[in-house]
Amino acid sequence: MGANTSQVSDLSENQSLRTLIGTESISDNDPFWNQLISFTFISPTSSGNSKLLEEAVIPLAKILIENNPRTGNFGALVRIFLGRTKELKISTECQDQLFIWQAHNTLFMIRCLLKVFIREMTEEDLHLQFSYQERVPGSCDTGRELLLEELMCNLVHLVVEVPLLDITYSILFEAVTTMLVLLSYQLFHKEILRDGLIYQYLMKGRCLSLTSLLVKTLLYNFIRQEKCPPPATHIFEQQSDRGGLLYGLASGVASGLWSVFALGGAGSKPGLEQEQNPLPLSNQSLLLLLVLANLTDGPNNCPNPYRQAVTCFKNTQDMSSVPTEQHHMFQINFNSLYTALCEQQRSDQATLILYTLLHQNTNMRTYMLSRTDMENLVMPILKILYHVEDRNSHHVYMALIILLILTEEDTFNRSIHEVVLKNITWYSERSLTEISLGSLLILVVIRTIQFNMTRTRDKYLHTNCLAALANMSAQFRCLHQYAAQRIISLFALLSKKHNKILEQATQSPRGLRRADYAQDLNVIEEVIRMMLEIINSCLSNSLHHNPNLVYALLYKRELFEQFRTHPSFQDIMQNLDTVIGFFSQRLEAAGTDLSVERVQEVIMKGAQALPKDRLKKFPELKFRYVEEDQPEDFFIPYVWSLVFNSGVGLNWSPTGIELFSMDSG
């Protein structure tokens, strides 16, 4: 790629690149290739530098598209890479850094060109770009038409077979990134793609046998959280005493083509890009895993093998036999995976893989629920919901659904009230020096409901928040005073909203507007009904464990008066009336001007004395999360929006993106 090019603007003038994209064919064994792929650079990881690179590559790639049918130079470049991948594992074992360096450079060039090709042409035309070759009289075409599949298979082999070391980090990152680029056709189609050449290569071709290994490797890349090694800018100069080809290739390229992108390079602060993307391989591997796991099933209901692998893997400590009907099964260290999931819940993609595993992998779900340190998993999820203003709606949904799935289990609902937390500094509404995880969870979910009522007004969000509270309600234990107050405060807010809508409905002229108010009234009454059922469930099942809720209920008893005779709430109000009446009588008997401590004492004694048969039994509140029909309509655009927004070193122009709108989420 030329030792003298030092900035992106020089690419168009680089003689080696001009030869590659030109009108003359270059044979596979021409010394030119060694010259072309001998440059030192750090792949750009910031979006700004990636954009600069993309803009510089596009005009060059377009010239190649025009000339490649006659020269076949792109196919030759791919074959140069394939020739080197066959010896990559041996090169790694021998610490042959030069060989790995050149293979990486070749793949980087292929990836940059492919990214433009995929935007510019159909998959069929892309396949042709791989099949074009120099027309030599008497030459044989056999095998070359499968060059695209050969590249895909080699990338998978590279990812699963080459060990992750400092010297292989960059080429493994490039392999994962190139696979993402090859799958990126979906970005340019509004409809969900359910077939295609690349899809078939992954689902049915030679890659299929490596499914479980690929998924396992991508998961371990996520688990390991390896930072990008520092750029070894002068790594080859130290070997110059060997002379010959090695020195001839490596000397003088330290300030070569991509030094503009080097960490700490000219015009940038040292380590700036690493600060922006400290874990590029981990991030990219997780994105690729999510893309693969969310590919649609094949024709004739042929299941997605990558989703199968994600849903059935087991713990390395699980010695039970594997059912023969389980395809693509493998084992992984659950403790390491759990730790990574807890530590990485800052990004959408980490939350999405947690959701995927909780929802689809029963082995992993059972393991998570058996942990005695669930606060390490739940606290990051609560922080996502607490900072709802700063998160996109999809991320909030995923966090909320994770809580809903967890609250389906009674063991979880009991255990969260046994975990006592100290000094929750990120909860700013009130100082929480000591609170149970269960009470904190209630506070955050209620805060999310209140935020939704005043801002987004999303019924789906309301429903899932209330479902999580309902699932927990029978197991509420020793609710924090503030949590109990917030439950009743939420009911007060709903009551106020109900009265306002009722007033507007009666004052509104007949017709469409009144119908709108009737619909709003129906929605708010459903929510009020659910809140009454949640309070009732707690009182019916664990009243003696929750004196603070009884205290808050009595303190705001007038709130419930208007609902006693309402036909939608009469049945559920009977129990609340019974509790309010019972404790009111006891407080009256205790005298006047009672202190808070004395009131709490009367409540605690009364809770033991209230006969359980005085309260009417209602069905247990239990809600389960069920994915909607055709979940791919939600998840595939969501996953690709994550690739678009947070793929490391990948920059796509918004122009031409059809799968999602730029303001979605």
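As annotated in an unreviewed UniProt entry, the protein carries the name Dymeclin and comes from Oncorhynchus mykiss. The record held by UniProt for the protein lists under Sequence similarities (unreviewed entry) the comment "Belongs to the dymeclin family."

1. Examining the overall build of the protein
The number of helices and strands found in the protein is 29 helices and 4 strands. Accessible surface computed for the protein: about 29,200 Å², of which carbon and sulfur atoms make up 50%.

2. Some remarks on the packing of helix α14 (residues 280-293) against helix α29 (residues 632-646)
Where α14 meets α29, the axes come as close as 9 Å, and the angle between the chain directions of the two elements is 155°. Here α14 lies roughly antiparallel to α29, going by the angle between them. Considering only the axes of α14 and α29, their crossing is left-handed. Along its contact with α14, which presents N283, L287, L290 and V291, the element α29 presents V639, W640, L642, V643 and S646. Among the residues forming the contact of α14 with α29, the class breakdown is 7 nonpolar, 2 polar and no charged.

3. Details of the environment of L180
By the element assignment, L180 lies in helix α9 (residues 169-182). Along the sequence, L180 and Q284 sit 104 residues apart, while their C-alpha atoms lie 8.4 Å from each other.

4. Considerations on the packing of aromatic side chains
Following the criterion strictly, the structure yields 21 aromatic pairs and no others. Summarising the aromatic geometry, the rings of F582 and F583 are spaced 5.2 Å apart at their centres and angled 85° between planes, so their arrangement reads as edge-to-face. Given a relative accessible area of 10%, F582 falls into the buried group. Since its relative accessible area comes to 1%, F583 is described here as buried. A network of ring pairs unites the aromatic residues F313, F330, F334, Y338 and Y367 as a single cluster. Positioned above the aromatic ring of F99, the side-chain terminus of R84 is 5.9 Å from the ring centre. Over the ring of Y386 we find R447, and its NZ or CZ is 4.0 Å from the ring centre.

5. Structural notes on the confidence of the model for the protein
The predicted model of the protein averages 85 in pLDDT, with 86% of residues at 70 or higher. Put simply, helix α12 (residues 244-250) is where the protein has its lowest mean pLDDT, 32, and helix α17 (residues 348-360) is where it has its highest, 97. Note that pLDDT drops below 50 for residues 1-6; the model gives that stretch 30 contacts with residues more than four away or on any other chain. Contacts for the low-pLDDT stretch residues 233-275, under 50 throughout, to residues beyond four places or in other chains number 81 contacts.

6. Looking at the pattern of salt bridges
Two side chains carrying opposite charge are able to pair once their charged atoms lie near each other. Applying the stated criterion to the full structure yields 21 salt bridges. Between E150 and R206 there is a salt bridge, and its shortest N-O distance comes to 3.2 Å. Placement of E150 in helix α8 (residues 147-161) and of R206 in the loop between α10 (197-203) and α11 (211-224) is noted, with a sequence separation of 56 residues between them. Exposure remark for E150: the relative accessible area of 26% places this residue in the partly exposed category. We note a salt bridge from E533 to R529, for which the minimum N-O separation is 2.9 Å.

7. Some words on helix α15 (residues 305-312)
Within α15, the full set of buried residues consists of P305, Y306, A309, V310 and C312. Of the surrounding elements, those touching the buried residues of α15 are α10, α11, α14, β1 (314-315), α17 and α18 (362-370). The opening residue of α15 is N304, an N-cap whose side-chain oxygen sits 2.8 Å from the backbone nitrogen of Y306.

8. Digging into a positive patch on the surface
Residues R457, K496, K497 and K500 make up a contiguous surface patch of positive charge. By the secondary structure assignment, K496 is in helix α24 (residues 481-507). Note on K496: relative accessible area 62%, which makes it exposed.

9. Remarks on the nonpolar core
Counting 226 residues, the largest nonpolar core has L114, L126, L337, Y427, L440, I487 and F560 as its most contacted members. Broken down by element, the residue count for this core peaks at 13 residues, all from helix α6 (residues 97-120). Setting aside residues up to four positions removed in sequence, I487 forms contacts with I442, I446, F476, L479, M531, I535 and L549.

10. A look at the side chain of S91
Topologically, S91 is positioned in helix α5 (residues 88-93). Accessibility expressed as a relative area gives 5% for S91, which makes it buried. A polar atom in the side chain of S91 sits 2.7 Å from the backbone oxygen of E87. When sequence neighbours within four positions are dropped, the list of residues in contact with S91 reads D96, F99 and I100.

11. Notes on the environment of A552
Mapped onto the elements, A552 comes out in helix α26 (residues 547-555). Between the C-alpha atoms of A552 and S489, which are 63 residues apart in sequence, the distance is 9.1 Å. Excluding residues that lie within four positions of it along the chain, A552 makes contacts with A484, Q485 and I488.

12. Some remarks on the packing of α17 against α29
Contact pair α17 / α29: the axes reach a minimum separation of 10 Å and the direction vectors enclose 150°. By the angle class used here, α17 and α29 are roughly antiparallel. Relative to α29, the crossing made by α17 is left-handed. Together, D348, Q349, L352 and Y355 of α17 and F635, Y638, V639, L642 and S646 of α29 make up the contact between the two elements. Residue classes in the contact of α17 with α29 are distributed as 6 nonpolar, 2 polar and 1 charged.

The rules we used
- Residues numbered from 1 in each chain as written.
- Predicted model: local features only at pLDDT ≥ 70, side-chain atom pairs only at ≥ 80, totals over all residues.
- Heavy atoms only, no water.
- UniProt positions renumbered as here; feature names shortened; annotations may be inferred.
- Helix = DSSP H or I, 4+ residues; strand = E, 2+ residues; numbered from the N terminus.
- Areas by Shrake-Rupley, 256 points an atom, 1.4 Å probe, with all protein chains shown as cover.
- Axes fitted to C-alpha atoms, helices over the stretch in contact; angles between N-to-C directions.
- Parallel < 35°, antiparallel > 145°, perpendicular 65-115°, else oblique.
- Left-handed = near helix turned anticlockwise from the far one by under 90°.
- Contact = heavy atoms within 4.5 Å.
- Nonpolar A, V, L, I, M, F, W, Y, C, P; charged D, E, K, R; others polar.
- Phe/Tyr/Trp six-rings, centres within 6.5 Å; stacked < 30°, edge-to-face > 60°.
- Buried < 20%, exposed > 50% of the residue type's maximum accessible area, 1.4 Å probe, protein only.
- Lys NZ or Arg CZ within 6 Å of the ring centre and 35° of its normal.
- pLDDT = per-residue confidence, 0-100.
- Salt bridge = Lys/Arg side-chain N within 4 Å of Asp/Glu carboxyl O.
- Polar contact = N/O pair within 3.5 Å; in protein donor to acceptor, adjacent residues only side chain to side chain.
- Patch = residues over 30% accessible without salt bridge, like charges linked within 9 Å, V, L, I, M, F, W, Y side chains within 5 Å.
- Lys, Arg positive; Asp, Glu negative; His and termini not counted.
- Charge placed at Lys NZ, Arg CZ, Asp CG, Glu CD.
- Core = buried A, V, L, I, M, F, W, Y, C linked by side-chain atoms within 4.5 Å.

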